[in-house]
Amino acid sequence: QVQLVESGGGLVQPGGSLRLSCAASGVPFSSAAMSWYRQAPGKGRELVASISTTGGTTTYVDSVKGRFTISRDNPKNTVYLQMNSLKPEETAVYYCKALVTRSAYWGQGTQVTVSS
């Protein structure tokens, strides 16, 4: 049974930082391309960042470049999203996704609220 469990969300002031984690089980993690998505209230789900199986390639949506960093620790079956200089409009539920061959698996999400 595949499980992706996100953690690290919470309330942060504008300009603050958070580090999200996504722990995977039941999936060959080192073979999985991993991504972070977010969904703000009333909006569709948006791809934020992706990382290749080895971590050698990362991609970001333009709005977070230079502020967010995606990374992974394959021995720990965990992917991270370091978020700096957070903005109120980035308030959303953040989800991780694992893509293995042609199967996609999602976590339950973690709430990030950016507010003073």
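The coordinates are above.
Summary of the structure given here. (Residues numbered from 1 in each chain as written. Predicted model: local features only at pLDDT ≥ 70, side-chain atom pairs only at ≥ 80, totals over all residues. Heavy atoms only, no water.)

1. Considering the pairing of strand β5 (residues 45-51)
Moving residue by residue along a regular strand, the side chains alternate between the two faces of the sheet. The line we're drawing: When DSSP locates at least two bridges between a pair of strands, those strands are taken to pair. Runs of E in the DSSP output that reach at least two residues are strands. Runs of H or I that reach at least four are helices, and both are numbered from the N terminus.
In the sheet, strand β4 (residues 33-39) pairs with β5 via six bridges, with the strands oriented antiparallel. In the strand pairing of β5, tyrosine 37 is matched with leucine 47. Connecting the antiparallel pair β4 and β5 is a turn made up of five residues, with glycine 42 showing a positive phi of about 75 degrees. Direction of pairing for β5 relative to strand β6 (residues 58-60): antiparallel, over a ladder of three bridges. Bridging from a neighbouring strand, isoleucine 51 pairs with threonine 58 of β6.

2. With respect to the pattern of salt bridges
Note the threshold: By definition here, a salt bridge exists when the distance from a side-chain nitrogen of Lys or Arg to a carboxyl oxygen of Asp or Glu is within 4 Å. Only protein chains enter the accessibility calculation, which uses a 1.4 Å probe; a residue whose area is less than 20% of its type maximum is buried, one above 50% is exposed, and one in between is partly exposed.
This structure, assessed with the given rule, holds four salt bridges. Where arginine 38 meets glutamate 90, a salt bridge forms, and the shortest distance between an N and an O atom there is 3.3 Å. Highlighted residues: arginine 38 in strand β4 and glutamate 90 in the loop between β8 (78-83) and β9 (92-100), separated in sequence by 52 residues. Take arginine 38 and glutamate 90: they sit in the same class, and that class is buried. A salt bridge links glutamate 90 to arginine 67; the shortest N-O distance between them is 2.5 Å. Of this pair, glutamate 90 sits in the loop between β8 and β9 while arginine 67 sits in the loop between β6 and β7 (68-73), placing them 23 residues apart in sequence. Given the relative accessible area of 3%, glutamate 90 is considered buried.

3. Some points on the layout of surface pockets
Any empty space left between the atoms is revealed when a probe the size of a water molecule rolls over them. Keep this limit in mind: A 1.4 Å probe that fits but cannot get out identifies a cavity on a 1 Å grid over protein atoms alone, an open set with protein on both sides within 12 Å along at least five of seven lines counts as a pocket, and a residue lines either if it has an atom within 4 Å of a point. Grid points are joined across faces, edges and corners, and a volume is the space filled by probe spheres set on the points. Under this grouping Gly is polar, as are all residues other than the nonpolar Ala, Val, Leu, Ile, Met, Phe, Trp, Tyr, Cys and Pro and the charged Asp, Glu, Lys and Arg.
By volume, the largest pocket is sized at about 190 Å³. Around the largest pocket, the lining comprises 13 residues; the ones closest to its centre are Arg38, Lys43, Glu46, Glu89 and Glu90. Grouping the amino acids of the lining of the largest pocket by side-chain chemistry returns two nonpolar, four polar and seven charged.

4. Focus on the nonpolar core
Heads up, the condition is: Nonpolar core, defined: a set of buried Ala, Val, Leu, Ile, Met, Phe, Trp, Tyr and Cys residues in which side-chain atoms within 4.5 Å join the residues together. Any pair of residues with heavy atoms lying within 4.5 Å of one another is described as a contacting pair.
Counting 29 residues, the largest nonpolar core has Met34, Trp36, Phe68, Val79, Leu81, Met83 and Tyr94 as the members making the most contacts within it. Where this core is concerned, the elements lending two or more residues are β3 (18-25), β4, β5, β7, β8, β9 and β11 (110-114). Looking at this core element by element, the count peaks at five residues for β9. When neighbours within four sequence positions are excluded, methionine 34 is seen to be in contact with Leu4, Cys22, Phe29, Ala49, Ser50, Ile51, Ile70, Arg72, Val79, Lys97 and Ala98.

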